[in-house]
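Residues per chain are reported as follows:
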Amino acid sequence: MRIVVLAGGIGGARFLRGLQQAVPEGTDITVIGNTGDDIHLFGLKVCPDLDTVMYTLGGGINEEQGWGRSEESFRVKEELAAYGVGPEWFGLGDRDFATHIVRTQMLAAGYPLSAVTEALCERWQPGVRLLPMSDDRVETHVAVETDGERKAVHFQEYWVRLRASVPALAVVPVGAEQAKPAPGVLEAIARADVILFPPSNPVVSIGTILAVPGIREAIADAGVPVVGLSPIIGDAPVRGMADKVLAAVGVESNAAAVAEHYGAGLLDGWLVDTVDEAAVARVEAEGIRCRAVPLLMTDLDASARMARAALELAEEVRA
Ligand code: GDP
Ligand code: CA
């Protein structure tokens, strides 16, 4: 079986770990990762979502935090701060720095991001084929109003520095319109037996991947079951501030509204948490098959049960 998964950072990575446990060893899993969160810092190219997937599946993640390296130190950051060089709000550890140095060096030598990601994964052996959504630069910007003035900030500045404390007026994946899917992305979708949307952020993770021209169409036309899992449980995101960016695109923060946002043109199946049982009828009325199952990734077994439920729903849809 060939599985394609669209993924952001933490939600995507934790789900993928469960999926790997749920399927027979050697199952072909291709991950299409969000690169809209990428940011240039200290002259280095940082790809937070790709790295979260790579470190999580490769055993190098800081488990409590869900992002960054395990057993990390922050000497370089301290030294930079001593020179008055920031941003101080973005946590880059020493071990993590090495990844970004290698990546930046390879990009400067002319390798596309997809080839660089493949090279980094040779060390981490994540057990999946990890592809960036695009080799072209796409950068998610968020329009906010501060001191009566409307301006756009980088997604990381909105998320990490501002902690989404001001309303997001708009979310724009800058460069997406001109971006092409990375080599292998459309091919993987076309060859897939099932396509999964983990409980990643529907706007700034999966939404950004779908904004790359060709990807949404390829998924809709693949003719295989497309099944998603809700990142919203009981009308609130499990982690983070997804409600803020959902509001920016006019979507209510609840499991049914997110399914409707993806739409029946894209989604065949949708899993909501058991506390959202009442949403099942509303989602099914949209023409999307829906089931309520526990959706909290409290440990690996819980994530694996979610992955199994998603694959079962895919089989139901196929039948
Ligand atoms: P990010 O790039 O690190 O923000 O990660 P993703 O976009 O992949 O995932 C973020 C989303 O994961 C958030 O909207 C959370 O609500 C969701 N999430 C995190 N943990 C869980 C969980 O245990 N269960 C579910 N259903 N969603 C989760
Ligand atoms: Ca992200």
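The rules behind these values
Residues numbered from 1 in each chain as written. Chains lettered and ligands numbered in written order. Predicted model: local features only at pLDDT ≥ 70, side-chain atom pairs only at ≥ 80, totals over all residues. Heavy atoms only, no water. UniProt positions renumbered as here; feature names shortened; annotations may be inferred. Donors = N, O, S within 2.8 Å, 3.2 Å for Na, K, Ca; no water. Helix = DSSP H or I, 4+ residues; strand = E, 2+ residues; numbered from the N terminus. Buried < 20%, exposed > 50% of the residue type's maximum accessible area, 1.4 Å probe, protein only. Phe/Tyr/Trp six-rings, centres within 6.5 Å; stacked < 30°, edge-to-face > 60°. Lys NZ or Arg CZ within 6 Å of the ring centre and 35° of its normal. Pairing = 2+ DSSP bridges. Axes fitted to C-alpha atoms, helices over the stretch in contact; angles between N-to-C directions. Expected span 1.5 Å × (residues − 1). Core = buried A, V, L, I, M, F, W, Y, C linked by side-chain atoms within 4.5 Å. Contact = heavy atoms within 4.5 Å. Left-handed = near helix turned anticlockwise from the far one by under 90°. Nonpolar A, V, L, I, M, F, W, Y, C, P; charged D, E, K, R; others polar. Parallel < 35°, antiparallel > 145°, perpendicular 65-115°, else oblique.

- By the naming in an unreviewed UniProt entry, the protein chain is Phosphoenolpyruvate transferase, taken from Streptomyces evansiae.
- The Subunit (unreviewed entry) comment attached to the protein chain in UniProt states, word for word, "Homodimer."
- Reading the Sequence similarities (unreviewed entry) entry of the UniProt record for the protein chain gives the comment "Belongs to the CofD family."

**Side note on the coordination of the calcium ion (ligand 2)**
Moving on, step 1. Donor atoms from the polypeptide that coordinate the calcium ion (ligand 2) comprise Asp37 (OD), Asp49 (OD) and Asp49 (OD), at 2.0 to 2.5 Å from the metal. Taken together, the positions of Asp37 in the loop between strand E2 (28-33) and strand E3 (39-41) and Asp49 in helix H2 (residues 48-58) put the pair 12 residues apart, joining distant regions of the chain.
Moving on, step 2. Exposure remark for Asp49: the relative accessible area of 7% places this residue in the buried category.

**A look at the UniProt feature "binding site: 7,8-didemethyl-8-hydroxy-5-deazariboflavin" (unreviewed entry) in the protein chain**
Moving on, step 1. According to UniProt, the "binding site: 7,8-didemethyl-8-hydroxy-5-deazariboflavin" (unreviewed entry) feature falls on Asp51.
Moving on, step 2. Note on placement: Asp51 falls in helix H2.

**Some thoughts on the packing of aromatic side chains**
Moving on, step 1. According to the stated counting rule, one finds six aromatic pairs in the structure shown.
Moving on, step 2. Ring pairs connect the aromatic residues Phe197, Tyr262 and Trp270, which therefore count as one cluster.
Moving on, step 3. We note Arg69 situated over the ring of Tyr55; from NZ or CZ to the ring centre the distance is 5.7 Å.

**What to know about the sheet that holds strand E6 (residues 139-146)**
Strand pairing within a sheet occurs via backbone hydrogen bonds; the two strands may be parallel or antiparallel.
Moving on, step 1. Read from one edge of the open sheet, three strands run E7-E6-E8, paired in antiparallel fashion. Here the strands that pair on one side only, and so sit at the sheet edges, are strand E7 (149-154) and strand E8 (170-174). The average angle at which neighbouring strand axes cross in this sheet is 30°, direction not considered.
Moving on, step 2. Two strands pair when backbone bridges link them, and E6 and E8 are joined in this way by five bridges, in the antiparallel orientation. The residue of E8 that forms the bridge with His141 is Val172.

**Looking at helix H4 (residues 94-108)**
Moving on, step 1. The terminal C-alpha atoms of H4 lie 21 Å apart, and with 15 residues this matches the ideal 21 Å at 1.5 Å per residue to within 8%.
Moving on, step 2. Every buried residue of H4 is listed here: Asp94, Asp96, Phe97, Thr99, His100, Arg103, Thr104 and Met106.
Moving on, step 3. A positive phi of about 105° marks Gly110, the residue just after H4.

**Side note on the nonpolar core**
When a protein is soluble and globular, its nonpolar side chains tend to lie buried together.
Moving on, step 1. Formed by 59 residues in total, the largest nonpolar core has its most connected members in Tyr158, Phe197, Ile219 and Trp270.
Moving on, step 2. A per-element tally of this core places helix H11 (residues 255-262) first, with six residues.
Moving on, step 3. Not counting chain neighbours up to four residues away, the residues in contact with Tyr158 comprise Val142, Val144, Val153, Arg163, Ala164, Val166, Pro167, Ala168, Lys244 and Val245.

**Comments concerning the pairing of strand E10 (residues 226-229)**
Moving on, step 1. Burial of E10 is two-sided: the residues Val226 and Gly228 facing one way and the residues Val227 and Leu229 facing the other way are all buried.
Moving on, step 2. Judged from the three bridges that link them, strand E9 (residues 194-197) and E10 form a sheet pairing that is parallel. Along E10, the bridge assignment pairs Leu196 with Val227.
Moving on, step 3. Relative to strand E13 (residues 269-272), E10 runs parallel, the two sharing three bridges.

**Describing the packing of helix H1 (residues 10-22) against H2**
Moving on, step 1. Taken N-terminus to C-terminus, the directions of H1 and H2 make an angle of 35°; their axes are 9 Å apart at the nearest point. Considering only the axes of H1 and H2, their crossing is right-handed. Across the interface between the two elements, Ile10, Ala13, Leu16, Arg17 and Gln20 of H1 pack against Thr52, Val53, Thr56 and Leu57 of H2.
Moving on, step 2. When its residues are assigned to classes, the contact of H1 with H2 shows five nonpolar, three polar and one charged.

**Things to note about the packing of H4 against helix H5 (residues 113-124)**
To describe two helices that pack against each other, one gives the angle between their axes and the distance between the axes.
Moving on, step 1. Their axes nearest at 10 Å, the elements H4 and H5 cross at an angle of 140°. Considered as vectors, H4 and H5 are oriented oblique to each other. Like other packed secondary-structure pairs, H4 and H5 cross with a definite hand, here right-handed. Between H4 and H5, the contacting residues are Thr99, Val102, Arg103, Met106 and Leu107 on the first element and Leu113, Val116, Ala119 and Leu120 on the second.
Moving on, step 2. For the contact of H4 with H5, the class distribution of residues is seven nonpolar, one polar and one charged.

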